[in-house]
Every structure is written in structure tokens, then in C-alpha cells.
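Now for the letters of each chain:
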Amino acid sequence: MTAMTKITHHLTDALLMGYAAGALPEAFNLVIAAHVSLCDECRARLGSFEALGGAVLEDADAEAALADDSFAATLARIAARPAEAPGPAPKPGLFPTPLQDYVGGDLAAVKWRGFGTGVRQAILPTSSAATVRLLCIPGGVAVPDHGHRGLELTLVLQGAFRDEDGRFGPGDVEVAGEEMEHTPVAEAGEDCICLAATDAPLRFKSLLPRLAQPFLRI
Ligand code: ZN
Ligand code: ZN
């Protein structure tokens, strides 16, 4: 992503803490890693949570060593610590490095499927606790109006969309919870390409998307 506009929509502390603790499903981890790789502000906040988490783990290690000096228990604690992420080497292209690693390339490597109204998607393979997909929404087109049963994280990679919460441009991430109902509309012009993770099926208001839901796994 070049000529980055200023990021105005960020991850919540709860998500960054969950990520630092290794407590989130793989699908959310990918969206968070991709945003963090683009956003100095969230990277700094994540760093402080990781430091905090490390300190807590060290305390727990010390207590465990005092209470029970089982070598296996200590090893298990060390193994449970989230892996240190190496500094990403910048790769040219649209996709942030964590996403390129996942897709095995950039935009050209994506196998899109039609979705109706010109919207295309590509579901990325992850553990089944949550689903992550790339979405390509033609300029001016709306994603059907929907609510959420769980959490939806949407990171914009190209173009922009607007919904009830404002404008989301490249690098921005929208955190939509159960209380939110929205109709994202891609801005006229460029296709809007997003990376979106959900941990529960969306609730579409109209019948047609509802019928298609099981097939689209949205
Ligand atoms: Zn951020
Ligand atoms: Zn949504």
C-alpha cells in the first residue's frame, strides 16, 4: 500500500490485549497483524501490552517455580507465550506483509468468487473459530444492510467505504459488534478491497442474502 492516507479508525485496546495474549481466533489475528503492520499508533500500543503480558508471565513463572518446580510445567508456560513476531521486511504491493504471507502473494494470487451485485470475495483458510475473507466491492456498490451476532473486523486495503460509523480509507479498521447494524457503501471510483473477519454469521435483513448465506459462509 503506497501513498498511505492518515489512519483514523484503529483497533480497540481489548483487541490488542487479546492479540498480545494469543487469545483470539486465527482469522482475527490476521486482520490485527495486517493493521498493526500499517499503523504506528496500534503497533506502539501493542508493544506496551506485550511488555505487560511478558511481565505477568514472568511473575507467574516465578510463582510456579516456588510453588511447584516441575520442569514440565515451566516449559508449558514458556510454550504458551505468544511467538515473538519478527520485524516484517517490506514487500512492494497492495497487501501488508502478514496478508501476503497468508495468501502466498499479492492481489494477483487471490482466487475471487462472485457474490452478486458485482461484489467478489475470497475466503482465506483459517481455523474454524472465525472466518476471514477478502472482499472486493465495486465503487458505488453497497454491501447488503446487516447486523452482527458476534464481532466483525474490517480492514480497508484499497479504496474506501462509508457507513453509519463514518468513512474508512486505506489502513482504517472498523470494529463492529453485536449492537451495530450498518450498510457499508464503497466510494465511487476505485474498487474497495477489504480484509474482513467475523466470528459468527452476519444477520442480513433481506431474504436473498439470507438464502445465499450458507453457500457464501458469511
Ligand atoms: Zn491503528
Ligand atoms: Zn458488518
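Conventions we followed
- Residues numbered from 1 in each chain as written.
- Chains lettered and ligands numbered in written order.
- Predicted model: local features only at pLDDT ≥ 70, side-chain atom pairs only at ≥ 80, totals over all residues.
- Heavy atoms only, no water.
- Core = buried A, V, L, I, M, F, W, Y, C linked by side-chain atoms within 4.5 Å.
- Buried < 20%, exposed > 50% of the residue type's maximum accessible area, 1.4 Å probe, protein only.
- Helix = DSSP H or I, 4+ residues; strand = E, 2+ residues; numbered from the N terminus.
- Contact = heavy atoms within 4.5 Å.
- Phe/Tyr/Trp six-rings, centres within 6.5 Å; stacked < 30°, edge-to-face > 60°.
- Pairing = 2+ DSSP bridges.
- Donors = N, O, S within 2.8 Å, 3.2 Å for Na, K, Ca; no water.
- Axes fitted to C-alpha atoms, helices over the stretch in contact; angles between N-to-C directions.
- Expected span 1.5 Å × (residues − 1).

Undergrad: Residue-level account of the nonpolar core, with values.
TA: The biggest cluster of nonpolar side chains holds 34 residues, and the ones touching the most others in it are Leu99, Leu134, Leu157 and Leu195. Put simply, the parts of the chain that give this core at least two residues each are α1 (13–20), α2 (26–38), α3 (40–67), α5 (97–103), β2 (120–124), β3 (131–137), β5 (152–158) and β11 (192–198). Of all the elements, α2 adds the most residues to this core, at seven residues. Excluding residues within four positions of it along the chain, Leu134 makes contact with Phe95, Leu99, Val103, Val110, Trp112, Arg120, Gln121, Ala122, Leu124, Leu157, Cys194 and Leu195. Counting 13 residues, the second largest nonpolar core, distinct from the first, contains Ile137, Val143, Phe161 and Cys192.

Undergrad: How would you sum up the packing of aromatic side chains? Please name residues and give values.
TA: Counting across every chain of the model gives one aromatic pair. A centroid spacing of 5.0 Å and a plane angle of 15 degrees characterise the contact between Phe161 and Phe168, whose relative ring orientation is stacked. A residue is classified by how much of its surface remains accessible, and Phe168, at 1% relative accessible area, is buried.

Undergrad: Just give me the short version of the pairing of β2, but keep the residues and values in it.
TA: As paired elements, strand β1 (residues 113–114) and β2 share two bridges and run antiparallel to each other. Each residue of the ladder has a partner; that of Gly114, found in β2, is Arg120. Between the end of β1 and the start of β2, which pair antiparallel, lie five residues, with Gly116 showing a positive phi angle near 90 degrees. Where β2 meets β3, five bridges bridge the pair, whose relative direction is antiparallel. In the strand pairing of β3, Gln121 is matched with Leu135. In this antiparallel pair of consecutive strands, β2 and β3, the connection spans six residues.

Undergrad: Lay out the coordination of the zinc ion (ligand 1) with the relevant residues and their values.
TA: Summarising the metal site, the zinc ion (ligand 1) is bound by the protein donors His10 (ND1), His35 (NE2), Cys39 (SG) and Cys42 (SG), whose distances to it range over 2.1 to 2.3 Å. When the donor residues of the zinc ion (ligand 1) are listed from N- to C-terminus, their spacing reads H-x24-H-x3-C-x2-C. Of the two residues, His10 is situated in the segment before α1 and Cys39 in the loop between α2 and α3; the sequence distance between them amounts to 29 residues. Of the residues examined, His10 reaches a relative accessible area of 21% and is grouped as partly exposed. With relative accessibility at 3%, the residue Cys39 sits in the buried group.

Undergrad: If you had to explain the sheet that holds strand β6 (residues 161–163) to someone new, which residues and values would you point to?
TA: Ordered in space as β7-β6-β10, the three strands form an open sheet in which the pairing is antiparallel. Of all strands in the sheet, those with a lone pairing partner are β7 (166–168) and β10 (185–186), marking the two edges. Where β6 lies against β7, three bridges are found, and the strand directions are antiparallel. Directly across from Asp163, in β7, lies its bridge partner Gly166.

Undergrad: How would you explain the sheet that holds β11 if you had to name every residue and give the values?
TA: Reading across the sheet, the six strands line up as β1-β2-β3-β11-β5-β8 and stay open at both edges, with antiparallel pairing between neighbours. Edge positions in the open sheet fall to β1 and β8 (173–176), since each of these has one partner strand only. Along the sheet, α2 contacts β2, β3, β5, β8 and β11; its crossing angle with β11, the most-contacted strand, is approximately 135 degrees.

Undergrad: Give a detailed account of α2, specifying residues and quantitative values.
TA: Across its 13 residues, α2 extends 19 Å between first and last C-alpha, which sits within 8% of the 18 Å expected from 1.5 Å per residue. Along α2, the residues that are buried comprise Ala27, Phe28, Leu30, Val31, Ile32, Ala33, Ala34, His35 and Val36.

Undergrad: Give me α1: which residues, what numbers.
TA: Here α1 has its buried residues at Leu15, Leu16, Gly18 and Ala20. Following α1 by one or two positions, Gly22 adopts a phi angle in the positive range, close to 70 degrees.

Any link to function would need more than the numbers given here.
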